[in-house]
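What follows is each chain in one-letter form.
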Amino acid sequence: PDAVIEKHGADVLRLWVASSDYTDDIRLNQEILTRTAEAYRKVRNTARFLLSNLFDFDPAANALAPEALEPVDRLLVARAALLVAECRKAYDRFEFHTVARRLREFATTDLSSLWCDVRKDALFVLGKDDPARRSAQTAAYRLAEALALLLHPICPFTAEEIWEALPGHERDTPALSTWDDLRLATLSDEAHAAWGRLLDVRAAFVSALEPLRRDGVVGTSAQARAEVERNAALEADLAATGLDEARFAELLIVPEVVFTPPAGSTTLPVVSAHAAEGTKCPRCWQVRRDGDASGLCARCQRILAAAAA
(Lines give C-alpha, C1' and ligand atoms only; values in the text may rest on other atoms or scores of the structure.)
Protein backbone atom coordinates (compact mmCIF):
# COMPACT_ATOMS: atom_id res chain seq x y z
CA PRO A 1 0.00 0.00 0.00
CA ASP A 2 2.78 2.48 0.81
CA ALA A 3 4.30 2.02 -2.65
CA VAL A 4 0.92 2.54 -4.35
CA ILE A 5 0.16 5.62 -2.24
CA GLU A 6 3.58 7.10 -2.98
CA LYS A 7 3.06 6.70 -6.74
CA HIS A 8 -0.67 7.34 -7.16
CA GLY A 9 -2.00 8.80 -3.91
CA ALA A 10 -4.23 7.37 -1.20
CA ASP A 11 -7.50 8.09 -2.99
CA VAL A 12 -6.45 6.08 -6.04
CA LEU A 13 -5.77 3.11 -3.76
CA ARG A 14 -9.17 3.62 -2.14
CA LEU A 15 -10.81 3.85 -5.57
CA TRP A 16 -9.21 0.55 -6.61
CA VAL A 17 -10.56 -1.10 -3.45
CA ALA A 18 -14.03 0.34 -4.07
CA SER A 19 -13.94 -0.64 -7.75
CA SER A 20 -13.15 -4.27 -6.95
CA ASP A 21 -16.07 -6.68 -6.97
CA TYR A 22 -15.44 -8.58 -3.75
CA THR A 23 -17.85 -11.35 -4.79
CA ASP A 24 -15.20 -12.42 -7.30
CA ASP A 25 -11.42 -12.79 -7.21
CA ILE A 26 -9.63 -9.52 -6.39
CA ARG A 27 -7.12 -8.61 -9.10
CA LEU A 28 -4.25 -6.17 -8.73
CA ASN A 29 -1.36 -5.28 -11.02
CA GLN A 30 0.26 -2.16 -12.42
CA GLU A 31 -2.07 -2.06 -15.44
CA ILE A 32 -5.14 -2.13 -13.21
CA LEU A 33 -3.68 0.60 -11.00
CA THR A 34 -2.89 2.72 -14.06
CA ARG A 35 -6.47 2.37 -15.33
CA THR A 36 -7.77 3.25 -11.87
CA ALA A 37 -5.55 6.33 -11.76
CA GLU A 38 -6.88 7.41 -15.18
CA ALA A 39 -10.47 6.97 -13.98
CA TYR A 40 -9.66 9.01 -10.88
CA ARG A 41 -8.11 11.80 -12.94
CA LYS A 42 -11.18 11.89 -15.19
CA VAL A 43 -13.49 12.45 -12.21
CA ARG A 44 -11.09 14.93 -10.61
CA ASN A 45 -10.51 16.94 -13.81
CA THR A 46 -14.25 17.07 -14.49
CA ALA A 47 -14.77 18.46 -10.99
CA ARG A 48 -12.00 21.00 -11.63
CA PHE A 49 -13.80 22.22 -14.75
CA LEU A 50 -17.02 22.68 -12.79
CA LEU A 51 -15.25 24.53 -9.98
CA SER A 52 -13.17 26.73 -12.30
CA ASN A 53 -16.37 28.30 -13.67
CA LEU A 54 -17.67 29.32 -10.22
CA PHE A 55 -15.07 32.04 -9.55
CA ASP A 56 -17.73 34.80 -9.64
CA PHE A 57 -20.68 32.72 -8.45
CA ASP A 58 -22.42 33.35 -5.13
CA PRO A 59 -24.99 30.61 -4.51
CA ALA A 60 -26.96 32.84 -2.15
CA ALA A 61 -27.34 35.59 -4.76
CA ASN A 62 -26.88 33.94 -8.17
CA ALA A 63 -28.30 30.42 -7.93
CA LEU A 64 -31.46 29.80 -9.92
CA ALA A 65 -34.37 27.63 -8.84
CA PRO A 66 -34.45 24.15 -10.44
CA GLU A 67 -37.44 25.04 -12.61
CA ALA A 68 -35.67 28.17 -13.91
CA LEU A 69 -32.64 26.32 -15.29
CA GLU A 70 -31.93 26.20 -19.01
CA PRO A 71 -33.16 22.93 -20.56
CA VAL A 72 -29.76 21.26 -20.97
CA ASP A 73 -28.75 22.31 -17.44
CA ARG A 74 -31.93 20.85 -16.02
CA LEU A 75 -31.29 17.64 -17.96
CA LEU A 76 -27.86 17.12 -16.39
CA VAL A 77 -29.03 18.05 -12.91
CA ALA A 78 -31.94 15.61 -13.34
CA ARG A 79 -29.50 12.92 -14.48
CA ALA A 80 -27.44 13.67 -11.38
CA ALA A 81 -30.58 13.11 -9.30
CA LEU A 82 -31.01 9.70 -10.94
CA LEU A 83 -27.33 8.96 -10.27
CA VAL A 84 -27.71 9.87 -6.59
CA ALA A 85 -30.74 7.58 -6.26
CA GLU A 86 -28.91 4.72 -7.97
CA CYS A 87 -25.75 5.15 -5.90
CA ARG A 88 -27.68 5.36 -2.63
CA LYS A 89 -29.23 1.99 -3.36
CA ALA A 90 -25.81 0.58 -4.30
CA TYR A 91 -24.28 1.89 -1.07
CA ASP A 92 -27.13 0.31 0.89
CA ARG A 93 -26.25 -3.02 -0.76
CA PHE A 94 -22.49 -2.45 -0.17
CA GLU A 95 -21.95 -2.53 -3.94
CA PHE A 96 -19.14 0.01 -3.92
CA HIS A 97 -17.92 -1.13 -7.35
CA THR A 98 -21.28 -0.03 -8.81
CA VAL A 99 -20.87 3.46 -7.32
CA ALA A 100 -17.29 3.75 -8.61
CA ARG A 101 -18.32 2.65 -12.10
CA ARG A 102 -21.34 4.96 -12.31
CA LEU A 103 -19.34 7.95 -11.06
CA ARG A 104 -16.73 7.32 -13.76
CA GLU A 105 -19.41 6.93 -16.43
CA PHE A 106 -21.22 10.08 -15.34
CA ALA A 107 -18.04 12.17 -15.31
CA THR A 108 -16.92 10.85 -18.69
CA THR A 109 -20.15 10.57 -20.69
CA ASP A 110 -22.73 12.90 -19.16
CA LEU A 111 -20.41 15.70 -18.05
CA SER A 112 -17.16 15.75 -20.04
CA SER A 113 -18.51 14.58 -23.40
CA LEU A 114 -21.88 16.34 -23.21
CA TRP A 115 -22.57 19.09 -20.69
CA CYS A 116 -19.08 20.58 -20.39
CA ASP A 117 -18.73 20.63 -24.17
CA VAL A 118 -22.17 22.11 -24.85
CA ARG A 119 -22.10 24.75 -22.11
CA LYS A 120 -18.57 26.10 -22.65
CA ASP A 121 -20.01 28.75 -24.96
CA ALA A 122 -22.45 30.02 -22.33
CA LEU A 123 -19.82 29.95 -19.56
CA PHE A 124 -17.00 31.57 -21.56
CA VAL A 125 -18.79 33.93 -23.97
CA LEU A 126 -22.00 35.29 -22.44
CA GLY A 127 -22.13 38.34 -20.19
CA LYS A 128 -21.38 37.93 -16.50
CA ASP A 129 -24.99 38.10 -15.29
CA ASP A 130 -26.68 36.64 -18.35
CA PRO A 131 -29.44 34.30 -17.07
CA ALA A 132 -28.18 31.49 -19.32
CA ARG A 133 -24.68 31.80 -17.84
CA ARG A 134 -26.01 31.90 -14.28
CA SER A 135 -28.07 28.82 -15.13
CA ALA A 136 -24.94 26.98 -16.28
CA GLN A 137 -23.12 28.05 -13.13
CA THR A 138 -26.00 26.88 -10.95
CA ALA A 139 -25.87 23.51 -12.68
CA ALA A 140 -22.09 23.33 -12.24
CA TYR A 141 -22.54 24.09 -8.53
CA ARG A 142 -25.24 21.43 -8.03
CA LEU A 143 -23.29 18.86 -10.04
CA ALA A 144 -20.09 19.46 -8.07
CA GLU A 145 -22.00 19.12 -4.80
CA ALA A 146 -23.46 15.81 -5.94
CA LEU A 147 -20.07 14.49 -7.08
CA ALA A 148 -18.46 15.42 -3.76
CA LEU A 149 -21.15 13.77 -1.63
CA LEU A 150 -21.21 10.60 -3.73
CA LEU A 151 -17.42 10.40 -3.78
CA HIS A 152 -16.92 11.08 -0.08
CA PRO A 153 -17.30 7.50 1.23
CA ILE A 154 -14.79 6.26 -1.38
CA CYS A 155 -12.29 9.12 -1.87
CA PRO A 156 -12.65 11.40 1.17
CA PHE A 157 -9.57 13.54 0.45
CA THR A 158 -10.77 14.44 -3.04
CA ALA A 159 -14.35 14.98 -1.87
CA GLU A 160 -13.14 17.36 0.84
CA GLU A 161 -11.09 19.31 -1.72
CA ILE A 162 -14.08 19.66 -4.05
CA TRP A 163 -16.36 20.71 -1.20
CA GLU A 164 -13.95 23.31 0.20
CA ALA A 165 -13.54 24.84 -3.27
CA LEU A 166 -17.30 25.32 -3.67
CA PRO A 167 -18.49 28.87 -2.90
CA GLY A 168 -20.26 28.90 0.45
CA HIS A 169 -18.63 25.67 1.66
CA GLU A 170 -15.16 27.04 2.42
CA ARG A 171 -15.38 26.24 6.14
CA ASP A 172 -17.68 23.27 5.76
CA THR A 173 -17.22 19.53 5.16
CA PRO A 174 -19.24 16.99 3.20
CA ALA A 175 -19.19 14.81 6.32
CA LEU A 176 -21.77 17.18 7.84
CA SER A 177 -24.11 17.09 4.82
CA THR A 178 -26.37 14.38 3.44
CA TRP A 179 -27.72 13.48 0.03
CA ASP A 180 -31.08 14.83 1.14
CA ASP A 181 -29.50 18.31 1.27
CA LEU A 182 -28.96 18.33 -2.51
CA ARG A 183 -31.31 20.54 -4.56
CA LEU A 184 -31.56 18.63 -7.81
CA ALA A 185 -34.12 19.20 -10.54
CA THR A 186 -36.13 16.29 -11.88
CA LEU A 187 -37.66 15.45 -15.25
CA SER A 188 -40.53 13.20 -16.28
CA ASP A 189 -39.87 9.88 -17.98
CA GLU A 190 -41.28 11.36 -21.18
CA ALA A 191 -38.82 14.26 -21.07
CA HIS A 192 -35.88 11.91 -20.46
CA ALA A 193 -37.00 9.81 -23.44
CA ALA A 194 -37.27 12.92 -25.64
CA TRP A 195 -33.79 14.02 -24.60
CA GLY A 196 -32.48 10.57 -25.46
CA ARG A 197 -33.81 10.87 -29.01
CA LEU A 198 -32.38 14.40 -29.41
CA LEU A 199 -29.00 13.15 -28.24
CA ASP A 200 -29.26 10.48 -30.94
CA VAL A 201 -29.71 13.34 -33.43
CA ARG A 202 -26.63 14.98 -31.94
CA ALA A 203 -24.66 11.76 -32.36
CA ALA A 204 -25.81 11.51 -35.98
CA PHE A 205 -24.60 15.06 -36.62
CA VAL A 206 -21.21 14.32 -35.03
CA SER A 207 -20.87 11.33 -37.36
CA ALA A 208 -21.84 13.46 -40.38
CA LEU A 209 -19.33 16.13 -39.33
CA GLU A 210 -16.38 13.76 -39.03
CA PRO A 211 -15.60 13.51 -42.79
CA LEU A 212 -15.52 17.32 -43.00
CA ARG A 213 -13.09 17.45 -40.09
CA ARG A 214 -10.96 14.67 -41.53
CA ASP A 215 -10.73 16.43 -44.91
CA GLY A 216 -9.89 19.78 -43.31
CA VAL A 217 -13.10 21.47 -44.50
CA VAL A 218 -13.88 22.53 -40.92
CA GLY A 219 -11.85 22.42 -37.74
CA THR A 220 -14.64 22.16 -35.19
CA SER A 221 -18.43 22.13 -35.12
CA ALA A 222 -18.30 25.89 -34.41
CA GLN A 223 -17.33 26.28 -38.06
CA ALA A 224 -20.15 24.08 -39.36
CA ARG A 225 -23.83 24.28 -40.18
CA ALA A 226 -26.31 21.52 -39.37
CA GLU A 227 -29.20 20.67 -41.65
CA VAL A 228 -31.90 18.68 -39.87
CA GLU A 229 -35.16 17.28 -41.19
CA ARG A 230 -37.99 18.85 -39.19
CA ASN A 231 -40.42 15.95 -38.94
CA ALA A 232 -43.28 15.54 -36.48
CA ALA A 233 -41.20 13.39 -34.09
CA LEU A 234 -38.50 16.07 -33.86
CA GLU A 235 -41.08 18.80 -33.31
CA ALA A 236 -42.58 16.81 -30.41
CA ASP A 237 -39.18 16.20 -28.82
CA LEU A 238 -38.14 19.85 -29.10
CA ALA A 239 -41.40 20.89 -27.44
CA ALA A 240 -41.04 18.27 -24.68
CA THR A 241 -37.53 19.41 -23.81
CA GLY A 242 -38.09 23.17 -24.18
CA LEU A 243 -35.50 23.61 -26.94
CA ASP A 244 -36.00 26.44 -29.42
CA GLU A 245 -33.86 26.83 -32.53
CA ALA A 246 -31.01 28.63 -30.72
CA ARG A 247 -30.87 26.09 -27.89
CA PHE A 248 -30.96 23.22 -30.38
CA ALA A 249 -28.01 24.80 -32.21
CA GLU A 250 -26.19 25.01 -28.89
CA LEU A 251 -26.85 21.31 -28.26
CA LEU A 252 -25.18 20.54 -31.60
CA ILE A 253 -22.46 23.15 -30.83
CA VAL A 254 -23.02 24.92 -34.16
CA PRO A 255 -23.69 28.58 -34.94
CA GLU A 256 -26.70 27.71 -37.11
CA VAL A 257 -29.24 24.95 -37.66
CA VAL A 258 -31.17 24.89 -40.93
CA PHE A 259 -34.39 22.89 -40.74
CA THR A 260 -35.36 21.08 -43.92
CA PRO A 261 -38.88 19.94 -44.91
CA PRO A 262 -40.03 16.49 -43.77
CA ALA A 263 -38.67 13.70 -45.97
CA GLY A 264 -40.97 10.99 -44.72
CA SER A 265 -38.89 9.56 -41.87
CA THR A 266 -40.93 8.80 -38.77
CA THR A 267 -38.19 8.42 -36.16
CA LEU A 268 -34.64 9.80 -36.35
CA PRO A 269 -34.63 12.80 -38.72
CA VAL A 270 -32.19 13.06 -41.61
CA VAL A 271 -29.10 15.02 -40.50
CA SER A 272 -26.24 16.44 -42.57
CA ALA A 273 -23.22 18.67 -41.88
CA HIS A 274 -21.86 21.51 -44.02
CA ALA A 275 -19.26 24.24 -43.70
CA ALA A 276 -20.75 27.39 -42.18
CA GLU A 277 -20.81 30.56 -44.21
CA GLY A 278 -19.32 33.81 -42.92
CA THR A 279 -16.27 34.78 -40.90
CA LYS A 280 -14.82 33.32 -37.72
CA CYS A 281 -15.55 35.55 -34.74
CA PRO A 282 -12.29 36.19 -32.85
CA ARG A 283 -14.14 36.14 -29.51
CA CYS A 284 -16.50 33.13 -29.62
CA TRP A 285 -14.72 31.34 -32.52
CA GLN A 286 -18.00 30.62 -34.30
CA VAL A 287 -18.30 31.17 -38.04
CA ARG A 288 -21.20 33.58 -38.52
CA ARG A 289 -22.60 35.71 -41.31
CA ASP A 290 -23.23 38.80 -39.16
CA GLY A 291 -19.64 39.80 -38.39
CA ASP A 292 -18.42 43.41 -38.55
CA ALA A 293 -15.24 44.61 -40.24
CA SER A 294 -13.12 42.98 -37.53
CA GLY A 295 -15.08 39.74 -37.76
CA LEU A 296 -16.77 40.20 -34.38
CA CYS A 297 -20.23 38.61 -34.59
CA ALA A 298 -23.41 40.51 -33.68
CA ARG A 299 -23.89 38.50 -30.49
CA CYS A 300 -20.43 39.32 -29.18
CA GLN A 301 -20.88 42.96 -30.18
CA ARG A 302 -24.02 43.13 -28.00
CA ILE A 303 -22.27 41.42 -25.08
CA LEU A 304 -19.27 43.75 -25.20
CA ALA A 305 -21.49 46.83 -25.57
CA ALA A 306 -23.54 45.80 -22.54
CA ALA A 307 -20.39 45.20 -20.50
CA ALA A 308 -19.03 48.64 -21.40
CA ALA A 309 -22.29 50.44 -20.60
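About the thresholds
- Residues numbered from 1 in each chain as written.
- Predicted model: local features only at pLDDT ≥ 70, side-chain atom pairs only at ≥ 80, totals over all residues.
- Heavy atoms only, no water.
- Axes fitted to C-alpha atoms, helices over the stretch in contact; angles between N-to-C directions.
- Helix = DSSP H or I, 4+ residues; strand = E, 2+ residues; numbered from the N terminus.
- Parallel < 35°, antiparallel > 145°, perpendicular 65-115°, else oblique.
- Left-handed = near helix turned anticlockwise from the far one by under 90°.
- Contact = heavy atoms within 4.5 Å.
- Nonpolar A, V, L, I, M, F, W, Y, C, P; charged D, E, K, R; others polar.
- Phe/Tyr/Trp six-rings, centres within 6.5 Å; stacked < 30°, edge-to-face > 60°.
- Buried < 20%, exposed > 50% of the residue type's maximum accessible area, 1.4 Å probe, protein only.
- Lys NZ or Arg CZ within 6 Å of the ring centre and 35° of its normal.
- Salt bridge = Lys/Arg side-chain N within 4 Å of Asp/Glu carboxyl O.
- Pairing = 2+ DSSP bridges.
- Expected span 1.5 Å × (residues − 1).
- Polar contact = N/O pair within 3.5 Å; in protein donor to acceptor, adjacent residues only side chain to side chain.
- Arc of directions from axis to C-beta.

### Topic: the packing of helix α3 (residues 30-52) against helix α6 (residues 96-125)
- For the pair α3 and α6, interaxial distance at closest approach is 10 Å and the crossing angle is 25°. Taken together, the axis directions place α3 and α6 in an arrangement best described as roughly parallel. With respect to the hand of their crossing, α3 and α6 are arranged in left-handed fashion. Each of Ala 39, Lys 42, Val 43, Thr 46, Phe 49 and Leu 50 in α3 lies in contact with α6, whose residues at this interface are Leu 103, Arg 104, Ala 107, Thr 108, Leu 111, Ser 112, Trp 115, Cys 116, Lys 120, Leu 123 and Phe 124.
- Residue classes in the contact of α3 with α6 are distributed as 11 nonpolar, three polar and three charged.

### Considerations on the packing of aromatic side chains
- As enumerated under the stated definition, the model contains six aromatic pairs in all.
- Measuring from ring centre to ring centre gives 5.6 Å for Tyr 91 and Trp 179, while their planes differ by 15°; the resulting arrangement is stacked. Taken together, the residues Tyr 91 in helix α5 (residues 71-92) and Trp 179 in the loop between α8 (156-165) and α9 (189-214) connect sequence positions 88 residues apart.
- Residue classification places Tyr 91 among the buried residues on the basis of a relative accessible area of 11%.
- Relative accessible area serves as the criterion here: at 22%, Trp 179 is assigned to the partly exposed category.
- Look at Phe 94 and Phe 96: their rings are 6.3 Å apart centre to centre, the planes differ by 70°, and that puts the pair in the edge-to-face class.
- Given the relative accessible area of 32%, Phe 96 is considered partly exposed.
- One aromatic cluster is present, built from ring pairs that chain together Tyr 91, Phe 94, Phe 96 and Trp 179.
- Across from the ring centre of Phe 157, 4.7 Å away, lies the NZ or CZ of Arg 14, which sits over that ring.
- Over the ring of Trp 285 we find Lys 280, and its NZ or CZ is 5.1 Å from the ring centre.

### Side note on the pattern of salt bridges
- If you walk through the whole model with that rule in mind, you get 26 salt bridges.
- A salt bridge links Arg 102 to Glu 86, with the nearest nitrogen and oxygen atoms 3.0 Å apart. Of this pair, Arg 102 sits in helix α6 while Glu 86 sits in helix α5; the two residues are 16 residues apart in sequence, bridging distant segments of the chain.
- On the basis of relative accessibility, which here comes to 16%, the residue Arg 102 falls in the buried class.
- Assessed through its relative accessible area of 32%, Glu 86 is described here as partly exposed.
- For the salt bridge of Asp 117 with Lys 120, the shortest nitrogen-to-oxygen distance reads 3.5 Å. Here Asp 117 pairs with Lys 120, and both are found in helix α6, just three residues apart, close to one helical turn.
- Classification of Asp 117 by relative accessible area gives partly exposed; the value is 30%.
- Bridged by salt links that share partners, the residues Asp 56, Asp 129, Arg 133 and Arg 134 form one connected network.

### Observations regarding the pairing of strand β2 (residues 256-260)
- Of the two faces of β2, the one holding Val 257 and Phe 259 is buried and the one holding Glu 256, Val 258 and Thr 260 is not buried anywhere.
- Inspection of the sheet shows strand β1 (residues 224-229) paired to β2 by five bridges, in the parallel sense. Across the sheet, residue Glu 227 finds its bridge partner in β2, namely Val 258.

### Concerning helix α7 (residues 131-151)
- With 21 residues, α7 should reach 30 Å at 1.5 Å per residue; the first-to-last C-alpha distance of 30 Å fits that figure.
- Capping of α7 at its N-terminal end is provided by Asp 130; its side-chain oxygen lies 2.8 Å from the backbone amide nitrogen of Ala 132.

### Regarding the pairing of β1
- With five of its six residues buried, β1 lies for the most part within the structure.
- Summarising the sheet, β1 and strand β3 (residues 271-275) pair through five bridges and their orientation is antiparallel. The partner of Arg 225 across the bridge, within β3, is His 274.

### Focus: the sheet that holds β1
- Strand order across the open sheet formed by three strands is β2-β1-β3, with mixed pairing between neighbours. Each edge of the open sheet is held by one strand with a lone partner, namely β2 and β3. In this sheet, neighbouring strand axes are inclined to one another by 25° on average, regardless of whether the strands run parallel or antiparallel.

### Structural notes on helix α10 (residues 232-241)
- The complete set of buried residues in α10 reads Leu 234, Asp 237, Leu 238 and Thr 241. The buried residues of α10 occupy one face: seen down the axis, they fall within an arc of 100°. Of the residues in α10, the exposed ones pointing more than 90 degrees away from the buried face are Ala 232 and Ala 239.
- Where the residues of α10 are buried, they touch α5, α9, β1, α11 (245-252) and β2.
- One or two steps after α10, the chain reaches Gly 242, where phi turns positive at roughly 80°.

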